[in-house]
Amino acid sequence: MTKNEDFEIFLAAPPGLESVLCTEVGLKGFKHPKAVPGGVVTRGSWPDVWRANLWVRGASRVLARIVSFRVVHLAQLDDRARDVEWAKILRPDVPFRVEASCSASRIYHSGAAAERIENAIKQKLGAPVAPDAEIIVRARIEHDICTISVDSSGVLLHRRGHKEAVNRAPLRETMASLFLRQCGYGGSEPVLDPMCGSGTFVIEAAEIAARLNPGRSRHFAFERLANFDEAAWAQMREAKSARIPSVQFYGRDRDAGAITMSRANAERAGISDYTDFQQGTISELTPPEGAPGLVIVNPPYGTRIGEKKKLAPLYRTLGRVLRERFTGWRVGMIAAEARLAEATELPFLPTSAPVPHGGLRVSLYRTEPLS
């Protein structure tokens, strides 16, 4: 696989949000994106892989699919793995590891499959195997078809590189960006989060409005591959598309520590001039001056029946405040329990399929502009 050779690229998404990610990938200029279970496939070259890591907000990782073949036993897998021109992809001085999964195939032992591929690479290339290696070769054997990919991202892409302080069970930035997109947010309207936690929704919204690349502050695994072009990558990173947003972004939380975290995270992200974080309760919440926009909130879910009952007054208060004070604003709310969402008495549109998050399944509840 040379730098400009065309191949399939897979961008992973949370199950249930594949079509939302597909829209983003298409708008970012990638070729013929298609939503598939677990993510989006497109085609391109290695610079497109770099660009996907740098630009795309909703993907959790980017895989370069390097080869696919039919395989029915381990010896055959060993032979086919040795046929791959690994020297064009991996470096002999950089440790790697292999992760494999098997489904509905005659090769059913994922550990044995991973070991065969590891040995083939090690013997052909001389690169060392390490259990904590940043470079991951991923093999998926499904219905006797083995697809081998290289994980170009390394650390998951929700780790933007400038958010150090987080609260308990935070919403990942990648998922937050997809929920913002589902709410119709495009960067030209104010956004307010009345329970902002560590500021994820507010910071993502401000970055979108400022046209800041989500991967601008971090390192990627592809920088340690054999086909990496440092000069071309530097030029790609230096391309400026930033603008000054025309609106402000607001975070509120009753917890002073959350406000401190949010301000620090916004400062590191370089968008503190466009964000306003203030301590306050839901009952004190008022809309900022100016045109209406989007209220988006991720309230506590309550994992036990008793906790859910205790949360009902919070949801009722949130709904009352939004209905009475936020005329013209749209609302997006993440909830794991339909009864809690219904307690707000907000006029929600039909919901889409639930999305896995933190061991639960959550749904996005949306409204049209409130009247």
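All figures in this text were calculated on a predicted structure; none of them were measured in a lab.

## Quick word on helix α5 (residues 173-182)
Then step 1. α5 sits mainly inside the fold: 8 of its 10 residues count as buried.
Then step 2. If you follow the buried residues of α5, they end up packed against α1 (18-27), α6 (200-210), β11 (294-297), β12 (330-335), β13 (355-357) and β14 (360-366).
Then step 3. In the stretch just after α5, G184 is the one whose phi turns positive, near 80°.

## Notes on the pairing of strand β4 (residues 62-70)
Then step 1. Direction of pairing for strand β1 (residues 7-12) relative to β4: antiparallel, over a ladder of 4 bridges. Bridge pairing in β4 links E8 to R65.

## Quick notes on the packing of aromatic side chains
Then step 1. What the rule picks out here adds up to 10 aromatic pairs.
Then step 2. Seen in terms of ring centroids, F7 and W46 are 5.4 Å apart; in terms of plane orientation they differ by 55°. Their pairing is tilted. Residue F7 is located in strand β1, and its partner W46 is located in helix α2 (residues 46-55); the two are separated by 39 residues in the primary sequence. Each of the two residues, F7 as well as W46, counts as buried.
Then step 3. The structure contains a cluster of three or more aromatic residues connected by ring pairs, namely W50, F220, F222, F228 and W233.
Then step 4. We note R51 situated over the ring of W55; from NZ or CZ to the ring centre the distance is 5.4 Å.

What counts as what
- Residues numbered from 1 in each chain as written.
- Predicted model: local features only at pLDDT ≥ 70, side-chain atom pairs only at ≥ 80, totals over all residues.
- Heavy atoms only, no water.
- Buried < 20%, exposed > 50% of the residue type's maximum accessible area, 1.4 Å probe, protein only.
- Helix = DSSP H or I, 4+ residues; strand = E, 2+ residues; numbered from the N terminus.
- Contact = heavy atoms within 4.5 Å.
- Pairing = 2+ DSSP bridges.
- Phe/Tyr/Trp six-rings, centres within 6.5 Å; stacked < 30°, edge-to-face > 60°.
- Lys NZ or Arg CZ within 6 Å of the ring centre and 35° of its normal.

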